[in-house]
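A structural walkthrough
In case you want the letters, here they are:
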Amino acid sequence: MIIGSVFALASVFIGAVSQILLKSAANKEQKNFLKKFLNLTVITAYCMMLGSSLCSMISLRYLDLNLMPVFQATSFFWVLLLSRLLLKEKVYKKNVLGICIIFGGILVYLL
């Protein structure tokens, strides 16, 4: 079960990092239409999404399917944290409240 949990959390975290990479690439101006989609940042992000999917599939070998939504729900926290740290986006009270509600739902589900 620990191995499955590690792979599930890795899947969620890798997916969150790839979302941040895609957003940072979208914020950059590209002169050419193809360069907007065929640059190192975007290709890396999509490769990370593939790795995230592979981690999810590996985690399902060790975890019950009903636990996966619990791990996937933490992605909102990771995206919020990484966007604050890496993209310097503002975090509003409603964002923090939403994260608290999500973690409250996780606790209710696990208990």
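Scroll up for the structure.
The rules behind each value
Residues numbered from 1 in each chain as written. Predicted model: local features only at pLDDT ≥ 70, side-chain atom pairs only at ≥ 80, totals over all residues. Heavy atoms only, no water. Core = buried A, V, L, I, M, F, W, Y, C linked by side-chain atoms within 4.5 Å. Buried < 20%, exposed > 50% of the residue type's maximum accessible area, 1.4 Å probe, protein only. Helix = DSSP H or I, 4+ residues; strand = E, 2+ residues; numbered from the N terminus. Contact = heavy atoms within 4.5 Å. Axes fitted to C-alpha atoms, helices over the stretch in contact; angles between N-to-C directions. Parallel < 35°, antiparallel > 145°, perpendicular 65-115°, else oblique. Left-handed = near helix turned anticlockwise from the far one by under 90°. Nonpolar A, V, L, I, M, F, W, Y, C, P; charged D, E, K, R; others polar. Polar contact = N/O pair within 3.5 Å; in protein donor to acceptor, adjacent residues only side chain to side chain. Phe/Tyr/Trp six-rings, centres within 6.5 Å; stacked < 30°, edge-to-face > 60°.

Proteins that are soluble and globular tend to have nonpolar side chains buried together. Residues Ala8, Val12, Leu63, Leu67, Met68 and Phe71 constitute the largest nonpolar core, which totals six residues. Counting residues per element, the ones that place at least two in this core are α1 (2-27) and α4 (68-73). Sequence-distant contacts of Leu67, that is, excluding residues within four places in its chain, are made with Met1 and Leu110.

One way to put it is that α1 packs onto helix α3 (residues 40-62) with a least axis distance of 8 Å and a crossing angle of 165 degrees. Here α3 runs roughly antiparallel to α1, going by the angle between their axes. Our pair here, α1 against α3, has a crossing hand that is left-handed. Taken together, the residues that form the contact of α1 with α3 break down as 17 nonpolar, eleven polar and no charged.

Turning our eyes to something else, we now look at the side chain of Ser18. Within the fold, Ser18 resides in helix α1. Overall, the relative accessible area of 0% leaves Ser18 in the buried class. Within the structure, Ser18 has its side chain in polar contact with the backbone oxygen of Gly15 (distance 2.7 Å). Aside from chain neighbours lying at most four places away, what touches Ser18 is Ala45, Met48 and Met49.

Right, let's talk about the packing of aromatic side chains for a bit. Following the criterion strictly, the structure yields three aromatic pairs and no others. Residues Phe13 and Trp78 carry aromatic rings whose centres are separated by 5.2 Å and whose planes lie at 85 degrees to one another, so their mutual orientation is edge-to-face. One end of the pair, Phe13, is in helix α1; the other, Trp78, is in helix α5 (residues 75-87), and 65 residues separate them in sequence. Taking 5.0 Å as the distance between ring centres and 65 degrees as the angle between the ring planes, the aromatic pair formed by Phe77 and Trp78 counts as edge-to-face. Looking at Phe77, the relative accessible area reads 29%, which means it is partly exposed. Its relative accessible area of 25% is what places Trp78 among the partly exposed residues. Site record: aromatic cluster; members linked through ring pairs are Phe13, Phe77, Trp78 and Phe103.

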